[in-house]
Amino acid sequence: MDSPKMWALYTCPVNDMLARRGEVSAEQAAEHAALSLFGLHQQGEKVPMHRQGVGLGTALLALRRHEKFSDSATDARVGAMAAATSVPALLRHLRSLITQLRVISQPVDYTQLMADIQNWHHPDRRPPVRRRWALDYRVWTHNTPDPKAPTAPAAE
């Protein structure tokens, strides 16, 4: 919120009481985090890195499947992110993962990510977010061929 160039992008209502104390709401903090992550993700990209309907788990699955990154390293980073117990820790992990998503030009739904970050401010709302991320990310373990897996020779 320090950059005047970004002020026009904020849409969350301002809580006057918090503003007088120099504070922001969880919603405003989440919006700022999502906009900052989007800016990081969009750097150097010609196509938009926001795509409605592409949840974080789905985007991270694309990262896992990309030959540029190892499965175990990606799994470890995703696991550390999902295990974050504070918003600052979550954002540190997200920045690292978003940088990797940029390398493979994989978009994310930043509107949904903003809602996820906002929910992370409330420990009781984290489990449904983790569950959705996990279901989208772990789909590779069920019924979806992994493009990195060796293919069996064709039956003759």
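Residues numbered from 1 in each chain as written. Predicted model: local features only at pLDDT ≥ 70, side-chain atom pairs only at ≥ 80, totals over all residues. Heavy atoms only, no water.

- The protein chain is annotated in an unreviewed UniProt entry as CRISPR system Cascade subunit CasB from Longispora fulva.

**Considering the packing of helix 3 (residues 56-65) against helix 7 (residues 126-137)**
Relative placement of two packed helices is described by the angle separating their axes and the distance separating the axes.
Here comes step 1: Relative to each other, helix 3 and helix 7 sit at 35°, their axes nearing to 7 Å. Where helix 3 crosses over helix 7, the handedness of that crossing is right-handed. Note on element contacts: helix 7 touches helix 3 through Trp133, Asp136 and Tyr137, opposite Leu56, Gly57, Thr58, Leu60, Leu61 and Arg64.
Here comes step 2: Per-class residue counts for the contact of helix 3 with helix 7 are 5 nonpolar, 2 polar and 2 charged. (Axes fitted to C-alpha atoms, helices over the stretch in contact; angles between N-to-C directions. Helix = DSSP H or I, 4+ residues; strand = E, 2+ residues; numbered from the N terminus. Left-handed = near helix turned anticlockwise from the far one by under 90°. Contact = heavy atoms within 4.5 Å. Nonpolar A, V, L, I, M, F, W, Y, C, P; charged D, E, K, R; others polar.)

**Quick look at the pattern of salt bridges**
Here comes step 1: The final tally for this structure, using the stated rule, is 3 salt bridges.
Here comes step 2: Two residues, Arg64 and Asp71, come together in a salt bridge whose shortest N-O distance is 3.6 Å.
Here comes step 3: Taking the relative accessible area as the measure of exposure, Asp71 reaches 23% and is therefore partly exposed.
Here comes step 4: Residue Arg64 is joined to Asp75 by a salt bridge in which the shortest nitrogen-to-oxygen separation is 2.8 Å. Here Asp75 lies in helix 4 (residues 71-82) and Arg64 lies in helix 3, a separation of 11 residues in the sequence.
Here comes step 5: Its relative accessible area of 24% is what places Asp75 among the partly exposed residues.
Here comes step 6: The structure contains a network of salt bridges with shared partners spanning Arg64, Asp71 and Asp75. (Salt bridge = Lys/Arg side-chain N within 4 Å of Asp/Glu carboxyl O. Buried < 20%, exposed > 50% of the residue type's maximum accessible area, 1.4 Å probe, protein only.)

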